Every structure is written in structure tokens, then in C-alpha cells.
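# Observations on the model geometry
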Amino acid sequence: MPRVFNFSPGPAALPETVLRQAAEEMLDWHGTGMSVMEMSHRGKEFMGIFDEAEGLLRELMGVPSNYKVLFMQGGAIGENAIVPMNLIGRTGRADYLITGDWSRKSAKEAGRYGLVSVVADSAEPPGSGRCLGITPRAQWKLDAGAAYFHYCSNETIGGVQFHHIPDAGGVPLVADMSSDILSRPLDVSRFGLIYGGAQKNIGPSGLTLVIVRDDMLGYALPATPDAFNYRIQAEAGSMYNTPATYAIYIAGLVFRWIQAQGGLPAMAERNEAKAKLLYDFLDSSRFFSNPIARDARSQMNVPFWLKDPGQDEAFLAGAQARGLVQLKGHRSVGGMRASIYNAMPLEGVQALVAYMKDFEASQA
Ligand SMILES: *Cc1c(COP(=O)(O)O)cnc(C)c1O
């Protein structure tokens, strides 16, 4: 079976060259006679792999020296609890901006650890849970005494993405970047903390990346488990417990691949071109549509709907037959979703648009 174009939202496609290198090194990493999976996390071989991965990430993202990079576990859903456990104690309160399912989930979980205030919720109609954009800043109810302001830079399910860094009036920004980290250049110095699960744009699931400014540390609630205490993990170089070693190794290969492609500016250019191709087609189509506000459309996850949902199954089957897979939309919203992360080549989006054109023509 040839490789397919995999539009999965996550775990998602990885660059083929990365998978090939991992396959070559599977049984014998660099003459050690063992797989990376079999190495002690404290041995010099793995420490080398770890340091290189962290160094590459710092270089790609331009992470300032007063920030710690932590390789943790528990995913972004784990971070929904780990973030407030570590940060909310500074003032006992936090602001959450809701732009879709993921930020809504984050706010709900954080409420167990302190006073959570919803700054705005763009669900339309209110209470529906369906967000088609971002509430204008003038309508936000900001709390100057919040320990942090949390938002999700890219709502993976809804397809709503920030194309700017929000202004929280001086309150430290915390962002769930699970599905758009490394997709474009970012000014890390504007954030108190950035987190994301690896399985969208970084590598295999099981690894969670946390980038945290030094002054955010030291406010953990007493009940915070040591393994999830940022300060303890920072002091232990992410090795207070055994980290997700193999996932870190693959992430390092992905970081090197991004660097070889030209870094984050090159990723942004490619991602813009892919998204433009798809949205331009959607906007010109009378059969397919995307309802998200134009200034908040995601360049990573493009949900779209067929005019006749009775054709959904036929559309998916035809796509599968052309090697275009995992296009079914999230169960909570239905329709379709094309996830087009860094590893999706332009050719994949071209093949999808060609198929959609043919499908639309067949409906006439
Ligand atoms: C996938 C995703 C999550 C959940 O990640 P888990 O690894 O399942 O915890 C949370 N937030 C965003 C934005 C995501 O894309």
C-alpha cells in the first residue's frame, strides 16, 4: 500500500523522511546495538538525544534564556489541570477566553483549582457550544488580578485560530498551542506559558511540551503531584520521572526536519499556501462551505460541510479510494475536517481540492 494523504487531526501525519530515519535506526541507534526505546533516560546516548531536541526547539522558536522547556506527559487535557495547579495560586484567580471546545474544557477543569472567570465565550447562539469566531476584545471582561489569562491559539475541532497574540492587559498569557505550535514564527517572550500535546505538529502522542517563563514558577498548590510540578520538573531537567523517551527522540527528528525545510518562516509560508488553496475553493463552491469568520479561520484544521449531508458517506468513501483519509469531522460538529499540519504537503491539499471539484461536479 503506498502512503496515503492523512488528514487526521491527531495523532497526525509525520514527515516521511522522519519515519524512514526512525525505521533505519530502530534496531541499532548510531552503533549502540540498541533501539532508543531500550536506552536508559539517564545514559549519555539518550541525554545527547534529549539535549539536541531541546536545543533545536529553542533555536526554531527562539525561546529566550529565562524560559524553561519541559518535556512532560499527560497531554493537553492533563495540562488543563496541571496549569492551574501550578499557576493559579499566585492570586487564586484566572481568566479564560472561550473560542471552542478545547478552551471550554480547559476553563471547566481549571475551576477545580481556583476562581475561574470566563472573559468571553463566542458560542453562537449563546450556550450552543459552537464558536464560529473570536469575541472582539472590547467585549472581554478582563480581571487585572488574574494570575494568568488562558486561551487556545487554535481550536482543533472548531477550526478557529488566532492570527495575533491577544492583549490581556499585562496579565501573563497562557496558551494551549497543541495544534498550531511550530506552524509559524512566534514571539515566545510575550507568553507566561505555552503548552501543547505532541501528536498534532510535533511527534507521537505521549509527550507534552511546556515552555514556561521562570517567574511563573513557585506558586504550585500544595496538593500538586511532584511529577506535575513545573518547578520540580525544571530543576530535574524534565527527568523527575522517566520522560517519554522515544517520543522525544522522534520530536527531535521532526525539529531537525523543520530546520532543514527553512524553519518556522518556511513552515508558515507553506501552511498559508495550503490553507489558501482550500479556503479559496470552499468560498467558490456551491456545494461545500466553511462558516468560520474569515479573520479567525484556522490554517491547520479546516472543517467543511457538504450541502447535502446525505452525501457524507459517499464523499468519504470516494476520498478513501483516492488515498485521502481521515476526513470525517469531529463527532460533536459533524461534516468534514481536513487537518493540514506541517507534515501535509501541498500536493495533499491539491489532491483533496481536485477530488472535491470532481465530487461537486458529480452532484450537478
Ligand atoms: C488534541 C488537543 C487537546 C487534547 O490533547 P490530549 O493529548 O488528548 O490531551 C487539547 N487541546 C487542543 C487544542 C488539542 O488540539
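Because the structure is a prediction, the values reported are computed rather than measured. (Residues numbered from 1 in each chain as written. Predicted model: local features only at pLDDT ≥ 70, side-chain atom pairs only at ≥ 80, totals over all residues. Heavy atoms only, no water.)

Time to look at the site of the ligand. With respect to spatial proximity, the complete set of residues near the ligand consists of Gly75, Ala76, Ile77, Trp102, Cys152, Asn154, Thr156, Asp176, Ser178, Ser179, Gln199 and Lys200. At a separation of 3.1 Å, an oxygen atom of the ligand approaches a polar backbone atom of Ala76. Computed on the free molecule, the ligand has an accessible area of 390 Å², of which 86% lies beneath the protein chains in the complex. Sort the elements by how many residues they give to the shell around the ligand and helix α3 (residues 75–87) lands first, with 3 residues. Residues belonging to the shell around the ligand are distributed by class as follows: 4 nonpolar, 6 polar and 2 charged. (Near = heavy atom within 4 Å. Polar contact = N/O pair within 3.5 Å; in protein donor to acceptor, adjacent residues only side chain to side chain. Areas by Shrake-Rupley, 256 points an atom, 1.4 Å probe, with all protein chains shown as cover. Helix = DSSP H or I, 4+ residues; strand = E, 2+ residues; numbered from the N terminus. Nonpolar A, V, L, I, M, F, W, Y, C, P; charged D, E, K, R; others polar.)

The side chains of a regular strand alternate, residue by residue, between the two faces of the sheet. Across the 5 residues that make up strand β9 (residues 193–197), a large majority, 5, are buried. Neither face of β9 is open: one carries Leu193, Tyr195 and Gly197, the other Ile194 and Gly196, and all of them are buried. Looking at chain direction, β9 and strand β10 (residues 208–213) are connected through 5 bridges and run antiparallel. Counterpart to Tyr195 in the pairing with β10 is Val210. (Buried < 20%, exposed > 50% of the residue type's maximum accessible area, 1.4 Å probe, protein only. Pairing = 2+ DSSP bridges.)

Our focus in this paragraph is the domain arrangement of the protein chain. Under the domain assignment used here, the protein chain contains domain 1 (17–260) and domain 2 (263–362). Contact residues are listed per partner, giving 27 residues for domain 1 and 26 residues for domain 2. Surface buried jointly by domain 1 and domain 2 totals about 2100 Å² across both partners, of which 59% is contributed by carbon and sulfur atoms. Of all residues in domain 1, Leu132, Ile157 and Trp257 bury the most surface against domain 2, accounting for 23% of the area lost on that side. (Domains from an automatic or database assignment. Contact = heavy atoms within 4.5 Å. Buried area = accessible area lost by both parts, 1.4 Å probe.)

Time to look at the sheet that holds strand β14 (residues 336–339). Picture the strands of a sheet paired through backbone hydrogen bonds; they go either parallel or antiparallel. In spatial order, the strands read β11-β12-β14; together these 3 strands make up an open sheet with antiparallel pairing. Unpaired on one side and paired on the other, β11 (288–289) and β14 mark the two borders of the sheet. Here 2 bridges tie β11 to strand β12 (residues 301–306), and the two strands are oriented antiparallel to one another. The residue bridging Ser289 from the neighbouring strand is Trp305, located in β12. Along the sheet, helix α7 (residues 263–284) makes contact with β11, β12 and β14, crossing β12 at roughly 20°. (Axes fitted to C-alpha atoms, helices over the stretch in contact; angles between N-to-C directions.)

Residues spaced three or four apart along an α-helix face the same direction, because each turn holds 3.6 residues. Within helix α4 (residues 101–110), the full set of buried residues consists of Ser103, Ser106, Ala107 and Ala110. Seen from one end, α4 has its buried residues packed into an arc of 95°, which puts them on one side. Of the surrounding elements, those touching the buried residues of α4 are α3, β3 (93–98), β4 (115–121), β5 (149–152), β6 (154–155) and β9. (Arc of directions from axis to C-beta.)

Here α3 crosses α4 at 45°, and the two axes come no closer than 9 Å. Classed by the angle they form, the pair α3 and α4 counts as oblique. The chirality of how α3 crosses α4 is right-handed. Only Trp102, Lys105, Ser106, Glu109 and Ala110 of α4 make contact with α3, whose side of the interface consists of Ile77, Asn80, Ala81 and Pro84. Grouping the constituent residues of the contact of α3 with α4 by class yields 5 nonpolar, 2 polar and 2 charged. (Parallel < 35°, antiparallel > 145°, perpendicular 65-115°, else oblique. Left-handed = near helix turned anticlockwise from the far one by under 90°.)

A few words now on the packing of aromatic side chains. Following the criterion strictly, the structure yields 16 aromatic pairs and no others. With centroids separated by 5.1 Å and ring planes inclined at 70°, the aromatic side chains of Phe50 and Phe71 adopt a geometry described as edge-to-face. Placement of the pair is Phe50 in helix α2 (residues 44–61) and Phe71 in strand β2 (residues 67–72), with a sequence separation of 21 residues. Residue Phe50 shares its accessibility class with Phe71, and that shared class is buried. For the ring pair Phe304 and Phe315, a centre distance of 6.0 Å and an interplane angle of 85° mean the geometry is edge-to-face. With a gap of 11 residues between them, Phe304 in strand β12 and Phe315 in helix α8 (residues 312–321) connect regions that are remote in the sequence. Its relative accessible area of 0% is what places Phe304 among the buried residues. Among the aromatic residues, ring-to-ring pairing joins Phe281, Phe287, Phe288, Phe304, Phe315, Tyr355 and Phe359 into one connected group. Directly above the aromatic system of Trp305 lies the positively charged group of Arg130, at a separation of 5.0 Å from the ring centroid. (Phe/Tyr/Trp six-rings, centres within 6.5 Å; stacked < 30°, edge-to-face > 60°. Lys NZ or Arg CZ within 6 Å of the ring centre and 35° of its normal.)

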